[in-house]
Amino acid sequence: MQSLSLRCDPVHVDGHEGAGDWIRRLINESPIVVLSRKGCFMCHVMRHLLTSIGAHPSVIELEEAEASVAAATLPALFVGGNLVGGLEGLVGLHLSGALVPRLVQAGAIGSY
């Protein structure tokens, strides 16, 4: 069995842009964004599924204080700037066969 390594590089917001504005801009400019908490197993499963089909999401791991405010909505997946939902939404798209076409349309993967 092949081991898959998922890593998340920290990203820093400069002083000219607030964190909320930076996150909104990243969601609008990136094909796939996952908002997560550090150590969240559902976030890990989301990243693993996306990576296994060739998509490499931008992952934003929120600090504990930020994550506690958004806990009910994490993890959150955005594809092409639109909210897909959490793990349940991602798995639903995948099982219905709609995930790959949506990722292709967003430019996250080439034609499959």
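Okay, so let's go over this structure. (Residues numbered from 1 in each chain as written. Predicted model: local features only at pLDDT ≥ 70, side-chain atom pairs only at ≥ 80, totals over all residues. Heavy atoms only, no water.)

**Side note on the pattern of salt bridges**
Two side chains with opposite charge may pair up if their charged atoms get near one another.
Then, in step 1: Taken as a whole and assessed by the stated rule, the structure comprises three salt bridges.
Then, in step 2: The shortest N-O distance in the salt bridge between Glu29 and Arg25 comes to 3.2 Å. Here the residue Glu29 and the residue Arg25 both occupy positions in helix H1 (residues 19-29), the gap between them amounting to four residues, near one helical turn. (Salt bridge = Lys/Arg side-chain N within 4 Å of Asp/Glu carboxyl O. Helix = DSSP H or I, 4+ residues; strand = E, 2+ residues; numbered from the N terminus.)

**A few points about helix H5 (residues 99-106)**
Then, in step 1: Three or more residues of H5 are buried, namely Leu99, Val100 and Leu103. The arc enclosing the buried residues of H5, seen along the axis, measures out at 95°, which places them on a common side.
Then, in step 2: Buried residues along H5 sit in contact with strand S1 (32-37), helix H2 (41-52), strand S3 (76-79) and helix H4 (87-96).
Then, in step 3: Phi for Gly107, located one or two positions after H5, is positive at around 85°. (Buried < 20%, exposed > 50% of the residue type's maximum accessible area, 1.4 Å probe, protein only. Arc of directions from axis to C-beta. Contact = heavy atoms within 4.5 Å.)

**Structural notes on the environment of Leu99**
Then, in step 1: On the secondary structure map, Leu99 appears in helix H5.
Then, in step 2: For Leu99, a relative accessible area of 1% gives the class buried.
Then, in step 3: Leu99 sits 15 residues away from Val84 along the chain, and the two C-alpha atoms are 10.0 Å apart.
Then, in step 4: Look past the residues within four positions of Leu99 in its chain and what remains in contact with it is Ile53, Leu90, Leu93 and His94.

Treat this as a map of the structure, not an account of what it does.
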